[in-house]
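If you want the building blocks of each chain, they are given just below.
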Amino acid sequence: MANLKDSPKFKVHNDYYTPKIAWEKINKLIPKDKVVWEACMLNSTLSKSPQYLRELGNEVVYNTEWDILKENHGDIIITNPPFETKIKIQILKRLVELDKPFIIIMNSMNTFANYFTEILDKQYIQIITHRGKINFDKLENGEMVKTKNCSFYCVYVAYKMNLKNEDLFV
C-alpha cells in the first residue's frame, strides 16, 4: 500500500488493512448461498476482513497459512490483494486460472495498466465504482489506526459475477 503523506519519498507499505466499510459497500452483491474465500490472508494475522464478511452474513473460509498461489477453497473469492505490483500480477493470473467468480479491491489506476488487460478477459470483467475513497486501517507502532485521505481511489473488480448495470455503482 502506498500513501504519499507517510514519507517524503514514495514507498510501498504492506501494513494497511481493509476496513469494514469497504465490504459493506458491496455486501449486497455477494451471493449468500456461496462460500466466500478471503484468499489474500497469507501471514495476515491482524486483518479483520474474514470477521467483517461474516458479520455481514457471509459464510467465509480463510487461513493465514493458505497461499492463494497454491490453494483453492470456497465458491467465490472476495479479497483485497497486496498492493505490490509483482505480487498482484501473480495473484491476478492465479484468479483467472482458478476461474471462480471474484470481487477484489484494486487501485483504480491498475485498470489502465497493460498487465490488467493482458491477464483479465474483458468479456468477464466488470468494474464496480463507488463514491469517495477507501481509507484503509494502518498498523502504526503496534496499534491499528484509521487513515484519512488515501492517496488513490479504489474500484472493485468483479469477474464472472454477471452483475446488473445498476449494481456497478455502489
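Here is what the cut-offs are and how they apply
- Residues numbered from 1 in each chain as written.
- Predicted model: local features only at pLDDT ≥ 70, side-chain atom pairs only at ≥ 80, totals over all residues.
- Heavy atoms only, no water.
- Salt bridge = Lys/Arg side-chain N within 4 Å of Asp/Glu carboxyl O.
- Helix = DSSP H or I, 4+ residues; strand = E, 2+ residues; numbered from the N terminus.
- Buried < 20%, exposed > 50% of the residue type's maximum accessible area, 1.4 Å probe, protein only.
- Phe/Tyr/Trp six-rings, centres within 6.5 Å; stacked < 30°, edge-to-face > 60°.
- Core = buried A, V, L, I, M, F, W, Y, C linked by side-chain atoms within 4.5 Å.
- Contact = heavy atoms within 4.5 Å.

### Overview of the pattern of salt bridges
Working definition: two side chains of opposite charge can pair if their charged atoms are close together.
Here comes step 1: Applying the stated criterion to the full structure yields five salt bridges.
Here comes step 2: The salt bridge partner of Lys-160 is Asp-99, with a shortest N-O separation of 2.7 Å. Remark: Asp-99 occurs in the loop between α3 (85-98) and β5 (102-107) and Lys-160 occurs in the segment after β9 (154-159); sequence separation between them is 61 residues.
Here comes step 3: On the accessibility criterion, Lys-160 (24% relative accessible area) is partly exposed.
Here comes step 4: In this structure, the salt-bridge partner of Lys-138 is Glu-140, at a minimum N-O distance of 4.0 Å.
Here comes step 5: Owing to a relative accessible area of 8%, Lys-138 belongs among the buried residues under this scheme.
Here comes step 6: Here Glu-140 falls in the partly exposed class, since its relative accessible area comes to 37%.

### A look at the packing of aromatic side chains
Here comes step 1: Within this structure, the stated rule accounts for four aromatic pairs.
Here comes step 2: An angle of 10° between the planes, with centres 5.0 Å apart, marks the rings of Phe-102 and Tyr-159 as stacked. Taken together, the residues span a long stretch of sequence, with Phe-102 in strand β5 and Tyr-159 in strand β9 at a distance of 57 residues.
Here comes step 3: Among the residues examined, Phe-102 registers a relative accessible area of 0% and is labelled buried.
Here comes step 4: What makes Tyr-159 buried here is its relative accessible area of 3%.

### Examining the nonpolar core
Here comes step 1: Counting residues in each nonpolar core, the largest one holds 27 residues, and the members touching the most others are Ile-78 and Ile-103.
Here comes step 2: Breaking this core down by element, the ones donating at least two residues are α1 (20-24), α2 (49-55), β4 (76-79), β5 and β9.
Here comes step 3: Ranked by residues supplied to this core, first place goes to β9 with three residues.
Here comes step 4: Excluding residues that lie within four positions of it along the chain, Ile-78 makes contacts with Trp-23, Ile-26, Ile-30, Val-36, Trp-37, Glu-38, Ala-39, Leu-53 and Ile-103.
Here comes step 5: Of all hydrophobic cores here, the second largest spans 22 residues; its members include Cys-40, Phe-102, Tyr-115 and Val-157.

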